[in-house]
Amino acid sequence: MLNTWMQFYLLHQLCNAIFKSMSERELDKKLLCDRNELFSNLRRKIRAIPVLRAMERVPRDVFVPISERPLAYRDTPLAIGAGQTISQPYIVALITEALRLQPDDRVLEVGGGSGYQAAVLAEMVPKGSVVTVELVRRLAERARETLSELEYRNIVVEDSSNDLGCSWRGPYDAIVVSAAMPRLSASLIGQLAVGGRMVAPVGDLERQELVCVLRTGEGISIRMLGPCRFVPLLGREAFPSS
């Protein structure tokens, strides 16, 4: 079986071949066809119609490098540079559905990457706010530019600090961790309001389980959403950077 990075390399080579052989008009037609097929498939797996409508309002193709654009509406993760990825649309939908967001919720995302997941979250909380934290500075800056061009006014992109999350802007009604963690983070749970929900991929570097946490007055309750695979979260309460 091919490892993940070899799969990304082969997808990248395929993208380059497709991109070079297509006119802009042909590419737009392909993207529309792929988009229609993607959402047709998602409707069979995701029950929350507001989540699907939110994702339909977010143009995934503008969050990926131009070389990856031909595959923007395939149900697969794509490389965005610096060893990071934009998540598979199905996983984005599954996470967003599990959070049970309300229009005025305050949401934190750890591992913002391209800003795509943050944009979907912002669509779900039009009267609320989204804080997305990213370790890689050039990805954070690119996300700021993309989100600004799309006129998202309820998203703040923060550079990652030594402490996990962004406690000074909390507490949050929902937290998304968009990178793999070796264990659930006590400090992130502490940034949840009572009644708040957190979804995070927890496991080793090769395989994780998507975990949904509910903070209650007595502690936390946990349910499993299924297997997944994310790039690792680095730093305190995460994987070592070396």
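What comes next is a walk through the structure. (Residues numbered from 1 in each chain as written. Predicted model: local features only at pLDDT ≥ 70, side-chain atom pairs only at ≥ 80, totals over all residues. Heavy atoms only, no water.)

As a further point, take the side chain of Asp173. With respect to the helices, strands and loops of the structure, Asp173 is situated in strand E6 (residues 172-177). On the accessibility criterion, Asp173 (16% relative accessible area) is buried. Apart from residues no more than four positions distant in its own chain, Asp173 is found in contact with Asp104, Asp105, Arg106, Leu192, Ala193, Gly196 and Arg197. (Helix = DSSP H or I, 4+ residues; strand = E, 2+ residues; numbered from the N terminus. Buried < 20%, exposed > 50% of the residue type's maximum accessible area, 1.4 Å probe, protein only. Contact = heavy atoms within 4.5 Å.)

Evaluated as defined, the whole model comprises 1 cavity of 30 Å³ or more. Its volume calculated, the largest cavity comes out at about 110 Å³. In this structure, the largest cavity is lined by 15 residues; those nearest its centre are Thr85, Ile86, Ser87, Gly112 and Ser178. If you list the elements that add at least two residues to the lining of the largest cavity, you get strand E2 (84-86) and helix H5 (116-124). Class assignment for the residues of the lining of the largest cavity results in 5 nonpolar, 9 polar and 1 charged. (1 Å grid on protein atoms, 1.4 Å probe; cavity = no way out; pocket = protein on both sides within 12 Å on 5 of 7 lines; lining within 4 Å. Points joined across faces, edges and corners; volume = space filled by probe spheres on them. Nonpolar A, V, L, I, M, F, W, Y, C, P; charged D, E, K, R; others polar.)

All chains considered together, the criterion is met by 15 salt bridges. We note a salt bridge from Asp173 to Arg106, for which the minimum N-O separation is 3.6 Å. One end of the pair, Asp173, is in strand E6; the other, Arg106, is in strand E3 (residues 106-110), with 67 residues separating them in the sequence. (Salt bridge = Lys/Arg side-chain N within 4 Å of Asp/Glu carboxyl O.)

Glancing now at helix H2 (residues 24-42). Here H2 is 19 residues long and its end C-alpha atoms lie 27 Å apart, about the 27 Å a rise of 1.5 Å per residue gives. Those residues of H2 not exposed but buried are Leu27, Lys30, Leu31, Asp34, Leu38, Phe39 and Leu42. Along the long axis of H2, the arc covered by the buried residues comes to 155°, so they all point the same way. Seen from the buried face of H2, the exposed residues on the opposite side, beyond 90 degrees, are Arg25 and Lys29. (Expected span 1.5 Å × (residues − 1). Arc of directions from axis to C-beta.)

Taken as a whole, the second largest pocket encloses approximately 340 Å³ of empty space. Contributing to the lining of the second largest pocket are 25 residues, with Gly111, Leu135, Ser160, Leu233 and Leu234 lying nearest its centre. Of all the elements in the fold, those that place two or more residues in the lining of the second largest pocket are E2 and strand E4 (129-134).

Each disulfide consists of a covalent bond between the sulfur atoms of two cysteine residues. This model, assessed by the stated rule, comprises 0 disulfides. Between Cys228, a cysteine without a disulfide, and Cys212, which holds the nearest cysteine sulfur, the sulfur-to-sulfur distance is 13 Å. (Disulfide = S-S within 2.5 Å.)

Turning our eyes to something else, we now look at helix H4 (residues 89-99). When you tally the buried positions in H4, you get 9 out of 11 residues, the bulk of the element. When we look at burial in H4, the residues that qualify are Pro89, Ile91, Val92, Ala93, Leu94, Ile95, Thr96, Ala98 and Leu99. A positive phi of about 50° marks Arg100, the residue just after H4.

Let's shift gears to the pairing of strand E9 (residues 220-228). Here 8 bridges tie strand E8 (residues 208-215) to E9, and the two strands are oriented antiparallel to one another. Looking at E9, one finds that Val211 is bridged to Met224. Connecting the antiparallel pair E8 and E9 is a turn made up of 4 residues, with Gly219 showing a positive phi of about 160°. (Pairing = 2+ DSSP bridges.)

Quick look at the packing of aromatic side chains now. Across all of its chains, the model carries 1 aromatic pair by this definition. When the ring of Phe63 is compared with that of Tyr116, the centres are 5.8 Å apart and the planes differ by 65°; the resulting orientation is edge-to-face. With a gap of 53 residues between them, Phe63 in the loop between helix H3 (49-56) and strand E1 (78-81) and Tyr116 in helix H5 connect regions that are remote in the sequence. Comparing Phe63 with Tyr116, the two get one shared label, buried. (Phe/Tyr/Trp six-rings, centres within 6.5 Å; stacked < 30°, edge-to-face > 60°.)

In this sheet, E8 lies alongside strand E7 (residues 192-203) in antiparallel orientation, the contact comprising 7 bridges. For Ala200, the partnering residue across the bridge sits in E8 and is Val211. Connecting the antiparallel pair E7 and E8 is a turn made up of 4 residues.

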